[in-house]
Amino acid sequence: MTLKIKTIGPITAIHDGAELPLPASRKSRALLAYLLLNEGPHSREALCELLWDVPDDPRGALRWSLSKLRPILNCDGVERIGSDRQQVWCEKSDIQIDQDDWRDPSGWTGKGEDDVEALLDEGATALLADCDVPNQASYAAWIAGQRAAFEKSRAAIAEAQALRKDITATTRDAWAQRWLQLAPFIDDAAKNAVAARHATAGIGAAKQLAENLERSYAEAELPVPGFFAEDANEIA
């Protein structure tokens, strides 16, 4: 009986194939996300500052949220969420979290192209989509960091596919454009996209893509990478 937590899209808990109802409170869902994606234990004071930085009994609010999360995380009688007077922690060793496929390269290396496509398509949905909490700056910074790291993971998967040697030029071009889409101002992604386009569609198409990229770099006020060698017909 595995407990699964989905963090891509709205946070979701699934046990024995059935979705478990989560608290309606955004702060309770945010607390669940934070406990699952950060190593603990966490001091009660730190959690209160993170999500309940208000004068009216933040410790009481934390206790209330924990009371709503315990039936979910301890759904099969296994005590996964614990606390004492000072700290809160979450035992995650037997919880399947969807982000594990992204954090551990073994989760996608060696998968078939269709599987990798599906993984990336799934990741196009916002991470922790229903866990934003207004007016909590520290928490907002944390969730922004989680989302940025997740986007880097998506770009890394596309990069690995684009640099494979065992795929056709057409497939490599498709992955190169996807890598570029996920990492628009990474020079290696831009140069690889131009080179891949040259291999599939010729120098004219490569120059057109390079011109578009040069405009984008200029508009962003970033140095433009060199796409071609001196004779302008060879990829740099």
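Look above for the structure.
Below, the structure is looked at part by part. (Residues numbered from 1 in each chain as written. Predicted model: local features only at pLDDT ≥ 70, side-chain atom pairs only at ≥ 80, totals over all residues. Heavy atoms only, no water.)

## A short note on the sheet that holds strand S7 (residues 95–97)
Point 1. Taken together, 4 strands build an open sheet; the order of strands is S3-S2-S1-S7 and the sheet is mixed. The sheet terminates laterally at strand S3 (18–20) and S7, the two strands that pair on one side only. Taken pair by pair, the neighbouring strands of this sheet meet at an average axis angle of 30°, ignoring direction.
Point 2. Relative to S7, strand S1 (residues 3–6) runs parallel, the two sharing 3 bridges. Residue pairing across strands places Ile5 opposite Ile97, the latter belonging to S7. (Pairing = 2+ DSSP bridges. Helix = DSSP H or I, 4+ residues; strand = E, 2+ residues; numbered from the N terminus. Axes fitted to C-alpha atoms, helices over the stretch in contact; angles between N-to-C directions.)

## Description of the packing of helix H5 (residues 113–122) against helix H7 (residues 169–182)
Helix-helix packing is characterised by the crossing angle of the two axes and by the distance between the axes.
Point 1. Closest axis-to-axis distance for the H5/H7 pair is 13 Å, and the angle between their directions is 20°. Relative to H7, the element H5 lies roughly parallel. Taken as a pair, H5 and H7 cross one another with a handedness that is left-handed. Along its contact with H5, which presents Glu113, Val116, Glu117, Leu120 and Asp121, the element H7 presents Thr171, Trp175, Arg178 and Leu182.
Point 2. Of the residues in the contact of H5 with H7, the class split is 4 nonpolar, 1 polar and 4 charged. (Parallel < 35°, antiparallel > 145°, perpendicular 65-115°, else oblique. Left-handed = near helix turned anticlockwise from the far one by under 90°. Contact = heavy atoms within 4.5 Å. Nonpolar A, V, L, I, M, F, W, Y, C, P; charged D, E, K, R; others polar.)

## Overview of unusual backbone geometry
Point 1. Residue Pro41 is bonded to the preceding Gly40 through a cis peptide linkage, with omega at 5°.
Point 2. In this structure, Pro41 sits in the loop between helix H1 (26–37) and strand S4 (42–43).
Point 3. Of note, the phi angle at Asp16 is positive, near 55°, even though the residue is not glycine.
Point 4. The phi dihedral of Glu221 falls on the positive side, at around 55°, and the residue is not glycine.

## Re the packing of aromatic side chains
Point 1. This structure, assessed with the given rule, holds 3 aromatic pairs.
Point 2. Plain terms: the ring middles of Tyr34 and Trp142 are 5.0 Å apart, the flat faces sit at 65° to each other, and that makes the pair edge-to-face. Linking Tyr34 in helix H1 with Trp142 in helix H6 (residues 137–162), this pair joins segments that are 108 residues apart in sequence. The same class applies to Tyr34 as to Trp142, namely buried.
Point 3. With centroids separated by 5.3 Å and ring planes inclined at 85°, the aromatic side chains of Phe185 and Tyr217 adopt a geometry described as edge-to-face. Of this pair, Phe185 sits in the loop between H7 and helix H8 (187–201) while Tyr217 is found in helix H9 (residues 203–219), placing the two residues 32 residues apart along the sequence.
Point 4. A relative accessible area of 1% places Tyr217 in the buried class.
Point 5. Members of the aromatic cluster, joined through ring pairs, are Tyr34, Tyr139 and Trp142. (Phe/Tyr/Trp six-rings, centres within 6.5 Å; stacked < 30°, edge-to-face > 60°. Buried < 20%, exposed > 50% of the residue type's maximum accessible area, 1.4 Å probe, protein only.)

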